[in-house]
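Structural description and commentary
Next come the chains, spelled out residue by residue.
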Amino acid sequence: MSIWSKYKELVASRLSNGSVPDVKGVDYWRDKLFHVIVVYTLPVCMIAYIPAMILCYYLDQPYIAFYDSLAVVLVVLVTFSKKLSLRWRKLLFVGTMYLLSIALLFYMGVYGPGLLYLLSTVIFVSLIYSSKLAYWCIVVNTTVCLLFALAMHLEVMDSAMVNIYTPEAWLAVASNQVLLSILFAASIQILTSGFSQTLEKESSLKENIKNEVVESERLVKELKIKNEEMEQFTYIASHDLQEPLNTILGITEILKLPSSKKGDRDFEKSLDYISFSVERLKTLIKGLLDYSRIGRLLSVEEVRCEEVIKNVAGDLHSAISESGAKVEIDESIRRMDSVAVFPLDFNQLFQNLISNAIKFRSINVKPVIEVSVKERGDFFEFLVRDNGIGIDKDSLDKIFIIFKRAHSDTSYQGTGIGLAFCKKIVELHGGKIWVESSAGRGSSFYFTISRHLAK
Ligand code: ADP
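Please read all numbers here as calculations on a predicted model, not as lab measurements.

**What about the nonpolar core?**
Core analysis: the largest hydrophobic core is formed by 51 residues, its most contacted members being Phe346, Phe350, Phe382 and Phe447. Among the elements that make up this core, the one with the highest residue count is helix α14 (residues 343–359) (seven residues). The contacts of Phe447, once residues within four sequence positions are left out, are Phe346, Leu349, Phe350, Leu353, Phe380, Glu381, Phe382, Val384, Val426, Lys432, Ile433 and Trp434. Grouped together as the second largest cluster of nonpolar side chains are 36 residues, Val38, Val39, Leu118 and Trp170 included.

Okay, structure coming up:
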């Protein structure tokens, strides 16, 4: 690696301890520009330093030599200091410019490059800070020039070179510096504001593209879910709904037999079977309809989870007091900010999980249901844990399929729709649901929801 590359790497490592904004806006580019200025200033200073020293020797200007050397030391500090933040580096850099300009004005007056350095402070401040600050620099520079004119007028400066000019002549020359400063500050302002507008447009364009990609990903996901639903519907239509229909068909065949008579015990029993099957069919069809309606009224709202759970507990009041259940809302839920969800469906999700935790409780054990949450990257991961009868390992996967149950109808009433609802609602929120459990050891239902649900 060449000495130049090593030097650039060293300066880059020193400057990186400052606060560089993440977003690549104008401020980012101002810092980047300062970085480049710092890289080139020291070599340029070193090239100018030796001839300047020789000139000072011949012109007998020890003070200028002193201030030049001091400026070089300060530039070395700006370039290599390990401790300085970017803010202080910038300040020291502009301070060095002012030190040089005032020293050169004092000892060399119009002859020296003092006015050029004053002009350069305005240009550098416009570039590395802001044009607003640059206008303040112009005010400072004008004041400096006026003070020098006053000092000349009062003859308080004994520098030979300065004294050969009258204050009027000095002001005439210095006014050019002020005019040029205004010109530079104004044109750099136009340049940076144009640049900033372009950057803003670019970033909003990027944001739009990102949103569109997210939206199309959401649509693909939705389509996949709909496809799975269609498959489930076909399965349901051919299996679960057929079952009570077959029962009805079988019984009516029996009723048609000449041996069956109205008023018989068997005849009445058969009628009971028919009405039971019809009722069940009605429940299944209603469940199926409700299931297909989930997420139809899509409108995202910000809700506080603690409130949602408290509302659900209120709705389940009679089941809770009858069973002596306790719904414990963890601190993680209480501390949580509001989240964007589909409110009705989100409510239903907690209602199904908590009511199941109460329904599938162990005999003689008061149900305790704990609800907590963790942040996992772009998702919130909720946990609804109970101390109920648990679920057999073999049934863990199937319970999220509509009409599938892990416990018999007679011991625990139900249709097997609740968890299918939960799955669909969670997927609507961009997440997934799963359960960890074993028979007799309680169940832990986990589900995730996206933290950035599109409105
Ligand atoms: P349902 O409650 O109407 O049976 P769900 O879809 O809500 O239907 O649940 C499906 C099955 O999952 C239930 O029948 C039950 O076997 C099992 N299950 C759900 N929640 C729990 C729970 N908290 N504890 C034990 N088993 C559960």
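From this point on, the discussion continues.
**Some points on the site of the ligand**
With respect to spatial proximity, 20 residues lie near the ligand, and among them Asn356, Arg405, Ala406, His407 and Leu419 are the closest. A distance of 2.8 Å separates an oxygen atom of the ligand from a polar backbone atom of Ala406. Here Thr415 contributes a backbone N or O atom positioned 2.9 Å from an oxygen atom of the ligand. For the ligand, whose accessible area on its own is 520 Å², the fraction buried by protein is 98%. Secondary structure elements with two or more residues in the shell around the ligand: α14, α15 (418–428) and β7 (443–450).

**Here we look at the domain arrangement of the protein**
Annotation of the protein at the domain level lists domain 1 (3–210) and domain 2 (299–455). Between the C-alpha centres of domain 1 and domain 2 the distance comes to 65 Å.

**Some points on the sheet that holds strand β2 (residues 326–329)**
Read from one edge of the open sheet, five strands run β2-β4-β5-β7-β6, paired in mixed fashion. Every interior strand has two partners, whereas the edge strands, β2 and β6 (433–437), have only one. Strand after strand, the sheet turns through a mean of 20 degrees between neighbouring axes, direction not considered. Both β6 and β7 contribute to a ladder of five bridges, which runs antiparallel. Among the inter-strand pairings, Glu436 is bridged to a residue of β7, identified as Ser444. The strands that α14 touches are β2, β4 (368–376), β5 (379–386) and β7; relative to β7, the one it contacts most, it runs at about 175 degrees.

**Considerations on α14**
Helix length check: α14 (17 residues) gives 24 Å between terminal C-alpha atoms against 24 Å at 1.5 Å per residue, within 8%. Turning to α14, its buried residues are Asp345, Phe346, Asn347, Leu349, Phe350, Asn352, Leu353, Ile354, Asn356, Ala357 and Ile358.

**Brief notes about empty space enclosed by the protein**
The final tally for this structure, using the stated rule, is one cavity of 30 Å³ or more. Of the voids in this model, the largest cavity is the one considered here, and its volume is about 80 Å³. If you trace the largest cavity, you find it lined by Ile225, Glu228, Glu229, Gln232, Tyr291, Phe400, Ala420, Lys423, Lys424 and Glu427. Elements with a contribution of two residues or more to the lining of the largest cavity: α8 (167–238) and α15. Of the residues in the lining of the largest cavity, the class split is four nonpolar, one polar and five charged.

**Some points on the environment of Val75**
Locating Val75 in the fold gives a position in helix α3 (residues 62–80). Excluding residues that lie within four positions of it along the chain, Val75 makes contacts with Thr41, Leu42, Cys45 and Thr96.

**Some points on a nonpolar patch on the surface**
Residues Trp4, Val36, Tyr40 and Val44 make up a contiguous nonpolar surface patch of about 370 Å² in total accessible area. Broken down by element, the residue count for the nonpolar patch peaks at three residues, all from helix α2 (residues 26–59). As for its placement among the helices and strands, Tyr40 is situated in helix α2.

**Focus on the pattern of salt bridges**
Applying the stated criterion to the full structure yields 13 salt bridges. Here Arg385 makes a salt bridge to Glu370, at a shortest N to O gap of 3.4 Å. With Arg385 in strand β5 and Glu370 in strand β4, this residue pair connects regions lying 15 residues apart in the sequence. Among the ionic pairs, Arg376 bridges to Glu381, the shortest N-O distance being 3.0 Å. For Arg376, a relative accessible area of 42% gives the class partly exposed. Classification of Glu381 by relative accessible area gives buried; the value is 13%. A single network of salt bridges, built from pairs that share partners, joins Arg304, Glu306, Lys310 and Arg334.

**Topic: the environment of Thr143**
Along the polypeptide, Thr143 turns up in helix α6 (residues 131–154). Relative accessible area serves as the criterion here: at 39%, Thr143 is assigned to the partly exposed category. Sequence separation of Thr143 and Arg293 is 150 residues, and the distance between their C-alpha atoms is 75 Å.

Rules and cut-offs
- Residues numbered from 1 in each chain as written.
- Predicted model: local features only at pLDDT ≥ 70, side-chain atom pairs only at ≥ 80, totals over all residues.
- Heavy atoms only, no water.
- Core = buried A, V, L, I, M, F, W, Y, C linked by side-chain atoms within 4.5 Å.
- Buried < 20%, exposed > 50% of the residue type's maximum accessible area, 1.4 Å probe, protein only.
- Helix = DSSP H or I, 4+ residues; strand = E, 2+ residues; numbered from the N terminus.
- Contact = heavy atoms within 4.5 Å.
- Near = heavy atom within 4 Å.
- Polar contact = N/O pair within 3.5 Å; in protein donor to acceptor, adjacent residues only side chain to side chain.
- Areas by Shrake-Rupley, 256 points an atom, 1.4 Å probe, with all protein chains shown as cover.
- Domains from an automatic or database assignment.
- Pairing = 2+ DSSP bridges.
- Axes fitted to C-alpha atoms, helices over the stretch in contact; angles between N-to-C directions.
- Expected span 1.5 Å × (residues − 1).
- 1 Å grid on protein atoms, 1.4 Å probe; cavity = no way out; pocket = protein on both sides within 12 Å on 5 of 7 lines; lining within 4 Å.
- Points joined across faces, edges and corners; volume = space filled by probe spheres on them.
- Nonpolar A, V, L, I, M, F, W, Y, C, P; charged D, E, K, R; others polar.
- Patch = residues over 30% accessible without salt bridge, like charges linked within 9 Å, V, L, I, M, F, W, Y side chains within 5 Å.
- Salt bridge = Lys/Arg side-chain N within 4 Å of Asp/Glu carboxyl O.

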